[in-house]
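# Descriptive analysis of the structure
Here is how the chains run, residue by residue.
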Amino acid sequence: MHKDNQPLIFEMTKEGRIGYSLPELDVPEIDLSSLLPTEAVREVPAELPEVSELDIMRHYTALSKRNHGVDSGFYPLGSCTMKYNPKINEAVARFSGFANIHPLQDESTVQGAMELMYDLQEHLIEITGMDEVTLQPAAGAHGEWTALMMIRAYFEANGDLERTKVIVPDSAHGTNPASATVAGFETVTVKSDEHGLVDLEDLKRVVGRDTAALMLTNPNTLGLFEEHILEMAAIIHEVGGKLYYDGANLNAVMSKARPGDMGFDCVHLNLHKTFTGPHGGGGPGSGPVGVKKDLIPFLPKPVLIKTEDGYTFDYNRPQSIGRVKPFYGNFGINVRAYTYIRTMGPDGLKAVTEYAVLNANYMMRKLQPYFDLPYDRHCKHEFVLSGRRQKKLGVRTLDMAKRLLDFGYHPPTIYFPLNVEEGMMIEPTETESKETLDAFIDAMIQIAKEVEENPEIVQEAPHTTVIKRLDETKAARNPILRYTKA
Ligand SMILES: *Cc1c(COP(=O)(O)O)cnc(C)c1O
């Protein structure tokens, strides 16, 4: 039994209790294990909890109340936008014509769904300034890898086999170097300058004949707009490399500036961040990739095209990198993103960008007197504070993050990006009201005062949650595996 009196589901078990009742079987019983290869059949039945339907409902409802989501409270998580997902998106995704179709149906019977995907691609082409978009990749990192594989195929097709290196800024999201490595490239790091932007001199030093691509996040992971993008594009293109735009968080750029106009050759978007697909807990996501003309032949196949006879999947793409996902992406998330884009309209999307930036700057300036602001300049949709002032008083950023739980807030991303000491990365998003922003600012100011006057209250936080401090790595290192070994 846990100290909060909520038993584990296994502790609630009563032998013979079941969660459903069905009429007696009136057809011959089949032994399913006879259909499986012998090595896959259990010798001892799995140890499963035996509980009634009502008890299991109450159990999970009780657990769900301890969870924190955007629908229950403010969630200013930097880097992975946690904005509100409008419920109309959910309603549309559940239309039976979208929810009850199967990807193996004949194309003639799913023309509406194909039209939606095609239209979504057209909108994303417009938003990014690219020439073509694929919806296949299932997440941001998957989009990164897909685009890098296309870049690789492009150079191989041109017989340009020396391009083994991908340049990544030191502030980049961890998926960037990981995707480059998985795509078979060597990662080269380029430093940030004292303003938190890519250091152009260092970039000039690391580029060369072996440069395949520069992966750039903009606004970068500090929430700052990379002001020298055109110079960077020139530096990379001059040596024959490609420019990759990590557009996971387009909140601060959408409808204002387009990667395609800045000289980028490819981009991925996270529809589950900027375009209000719900996310967390491992998916599903959607990471479409947009490309300029040069890379179109290498798009993953099939490619969704429009013909005189309607929409169809084109498999006749001899230079394609092949499939990167079964079927054509996570359709349900794409329906949500499409609904969002259509309900907002061009003016709405522009307002999203303006409010995302306004909210972040408002909060940054209100908090600036109480915390260190390592890069004191206009931010985009997020900003990074440093808790080094508080650290000198014996309170770590982790302690302050835990204290925020007592105020009912999900803490911001902490200790990231790595080039900020005791970092706190805060992204309010455009969907929050001024009252919510002010209440969070007040909580942060109170915590800053507690650090000076009564540090124990912060060091020992949280005080109001069911579970106090967790051992954050124990579950990963020592998982409890509830199965019976054969
Ligand atoms: C979230 C994020 C990613 C990775 O996206 P996933 O969908 O989690 O794979 C990549 N880059 C940046 C900048 C991100 O914020």
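Thresholds applied
Residues numbered from 1 in each chain as written. Predicted model: local features only at pLDDT ≥ 70, side-chain atom pairs only at ≥ 80, totals over all residues. Heavy atoms only, no water. Pairing = 2+ DSSP bridges. Helix = DSSP H or I, 4+ residues; strand = E, 2+ residues; numbered from the N terminus. UniProt positions renumbered as here; feature names shortened; annotations may be inferred. Near = heavy atom within 4 Å. Polar contact = N/O pair within 3.5 Å; in protein donor to acceptor, adjacent residues only side chain to side chain. Areas by Shrake-Rupley, 256 points an atom, 1.4 Å probe, with all protein chains shown as cover. Contact = heavy atoms within 4.5 Å. Axes fitted to C-alpha atoms, helices over the stretch in contact; angles between N-to-C directions. 1 Å grid on protein atoms, 1.4 Å probe; cavity = no way out; pocket = protein on both sides within 12 Å on 5 of 7 lines; lining within 4 Å. Points joined across faces, edges and corners; volume = space filled by probe spheres on them. Nonpolar A, V, L, I, M, F, W, Y, C, P; charged D, E, K, R; others polar.

Further remarks concern the pairing of strand E8 (residues 303-307). Alignment of E8 against strand E9 (residues 310-314), held across 5 bridges, turns out to be antiparallel. When the sheet's bridge partners are listed, Leu304 is paired in E9 with Phe313. The turn joining E8 and E9, which pair antiparallel and follow one another in sequence, is formed by 2 residues.

What follows concerns the UniProt feature "domain: Glycine dehydrogenase C-terminal" (unreviewed entry) in the chain. On the UniProt side, "domain: Glycine dehydrogenase C-terminal" (unreviewed entry) is annotated at positions that read residues 353-454 here. The distance separating the terminal C-alpha atoms of residues 353-454 is 39 Å; by composition the span is 48% helix and 10% strand.

Here we take up the site of the ligand. For the ligand, the set of nearby residues contains 15 residues, the closest of which are Gly140, Ala141, Asp246, His272 and Lys273. A distance of 2.8 Å separates an oxygen atom of the ligand from a polar backbone atom of Ser79. About the coverage of the ligand: the protein hides 87% of its 380 Å² of free accessible area. Top element by residues in the shell around the ligand is helix H5 (residues 140-157). It accounts for 3 residues.

Another aspect to go through is the sheet that holds strand E11 (residues 413-414). Each strand in a sheet pairs with its neighbour through backbone hydrogen bonds, running either in the same direction (parallel) or in the opposite one (antiparallel). Spatial strand order, E10-E12-E11: 3 strands in an open sheet with antiparallel pairing. Of all strands in the sheet, those bounded by a partner on one side alone are strand E10 (383-386) and E11. Each of E10 and strand E12 (423-426) touches helix H9 (residues 331-367); the most contacted strand, E10, lies at about 15° to it.

This part is about the layout of surface pockets. The calculated volume of the largest pocket comes to roughly 1,200 Å³. In this structure, the largest pocket is lined by 34 residues; those nearest its centre are Arg66, Leu405, Thr465, Ile467 and Leu470. Listed by contribution, the elements that provide at least two residues to the lining of the largest pocket are helix H1 (53-64), helix H11 (397-406) and helix H14 (474-477). Ranked by residue count, the leading element in the lining of the largest pocket is H11, at 4 residues. Looking at the lining of the largest pocket, its residues break down into 16 nonpolar, 10 polar and 8 charged. Roughly 440 Å³ of volume is contained in the second largest pocket. Lining the second largest pocket are 23 residues; nearest its centre among them are His102, Pro103, Met117, Phe327 and Tyr328.

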